[in-house]
Amino acid sequence: MSIRQLQTMIVDDDPSIVRLLTKVLHDAFQGELTLHSFSDSVQALEWLDHNFCDILISDIEMPEADGMTMLQRAKARNAWPQVIFLTGHSSWDRVTQAIENGASDFLLKPLDRKEIVHVVRQEIARFGRWQVALRGKRVESPKIQIATTAGETFQETSLAGL
């Protein structure tokens, strides 16, 4: 039995950030994620009107439609999306508001590739645990080795076999 590819939406008004995230996630998670990338937040909202995402990676501060608008729209289409906000600077109130509305993580700009992969891997693992809970049984799958940012190494179940 295999898990479906997670619909992953990337939104940032900086096209170079969108390209970087798309490349990093494509290279790290081939076969696990279907990527939908936008540098225009209005186009991203239009896409969300007809689609859903499992993981939303969005700049929190953007012109026209900001990250909070993206979060609200994504949650309206799917109650379970994991939302990772990108920020160069945000106020305590803004971060608190994002967490209260369902953001699962924040990444600081400039982005670190290893940190991006680590955080997305955590979201994929969370999705897998939810799927196991919904099915009511564990599925054996191969282990993968993950190095943390602190240099520790641990074993984690790969979701590719679910």
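You'll find the structure just up there.
Worth saying up front: this structure is predicted, and the values here are computed from it rather than measured. (Residues numbered from 1 in each chain as written. Predicted model: local features only at pLDDT ≥ 70, side-chain atom pairs only at ≥ 80, totals over all residues. Heavy atoms only, no water.)

**Some words on the overall build of the protein**
Thinking step 1. Of regular secondary structure, the protein possesses five helices and seven strands.
Thinking step 2. Along the protein, helices (α) and strands (β) appear in the sequence β-α-β-α-β-α-β-α-β-α-β-β when read from the amino end.
Thinking step 3. Expressed as a percentage of the 162 residues in the protein, the buried residues total 43%.
Thinking step 4. For the protein, the share of sequence-separated contacts (at least 6 apart) that also reach a separation of at least 24 residues comes to 64%.
Thinking step 5. Entry remark: accessible area of the protein is about 8,700 Å², with carbon and sulfur atoms responsible for 50%. (Helix = DSSP H or I, 4+ residues; strand = E, 2+ residues; numbered from the N terminus. Buried < 20%, exposed > 50% of the residue type's maximum accessible area, 1.4 Å probe, protein only. Contact = heavy atoms within 4.5 Å. Areas by Shrake-Rupley, 256 points an atom, 1.4 Å probe, with all protein chains shown as cover.)

**A word on the packing of aromatic side chains**
In this description, a pair of aromatic rings is defined by centroid distance and the angle of the planes.
Thinking step 1. Within this structure, the stated rule accounts for three aromatic pairs.
Thinking step 2. Here the aromatic rings of tryptophan 80 and tryptophan 130 are separated by 5.0 Å at their centres, their planes lie at 80 degrees, and the arrangement is edge-to-face. Here tryptophan 80 is found in the loop between helix H3 (67-77) and strand E4 (82-87), whereas its partner tryptophan 130 is found in helix H5 (residues 113-135), with 50 residues between them in sequence.
Thinking step 3. For tryptophan 80, a relative accessible area of 34% translates into the label partly exposed.
Thinking step 4. Judged by its relative accessible area of 28%, tryptophan 130 falls in the partly exposed class. (Phe/Tyr/Trp six-rings, centres within 6.5 Å; stacked < 30°, edge-to-face > 60°.)

**Considering the pattern of salt bridges**
Thinking step 1. Taken as a whole and assessed by the stated rule, the structure comprises eight salt bridges.
Thinking step 2. With a shortest N-O distance of 2.9 Å, aspartate 12 and lysine 109 are connected by a salt bridge. Pair noted here: aspartate 12 is in the loop between strand E1 (6-11) and helix H1 (15-28) and lysine 109 is in the loop between strand E5 (103-108) and H5, with a separation of 97 residues, a long-range link.
Thinking step 3. By relative accessible area, lysine 109 is classed as partly exposed at 26%.
Thinking step 4. Of the charged contacts in the structure, one is a salt bridge between arginine 94 and glutamate 61, with a shortest N-O distance of 3.1 Å. You can see arginine 94 sitting in helix H4 (residues 92-100) and its partner glutamate 61 sitting in the loop between strand E3 (55-59) and H3, a full 33 residues away along the chain.
Thinking step 5. One connected set of salt bridges, linked through shared partners, spans Asp12, Asp59 and Lys109. (Salt bridge = Lys/Arg side-chain N within 4 Å of Asp/Glu carboxyl O.)

**Some details on the environment of glutamate 123**
Thinking step 1. Among the structural elements, glutamate 123 can be located in helix H5.
Thinking step 2. A residue is classified by how much of its surface remains accessible, and glutamate 123, at 2% relative accessible area, is buried.
Thinking step 3. Expressed as a C-alpha distance, the spacing of glutamate 123 and valine 83, which sit 40 residues apart in the sequence, is 9.0 Å.
Thinking step 4. Look past the residues within four positions of glutamate 123 in its chain and what remains in contact with it is Ile55, Gln82, Ile84, Ser104 and Asp105.
Thinking step 5. Polar contacts involving the side chain of glutamate 123 include one to the side chain of serine 104, which spans 3.2 Å. (Polar contact = N/O pair within 3.5 Å; in protein donor to acceptor, adjacent residues only side chain to side chain.)

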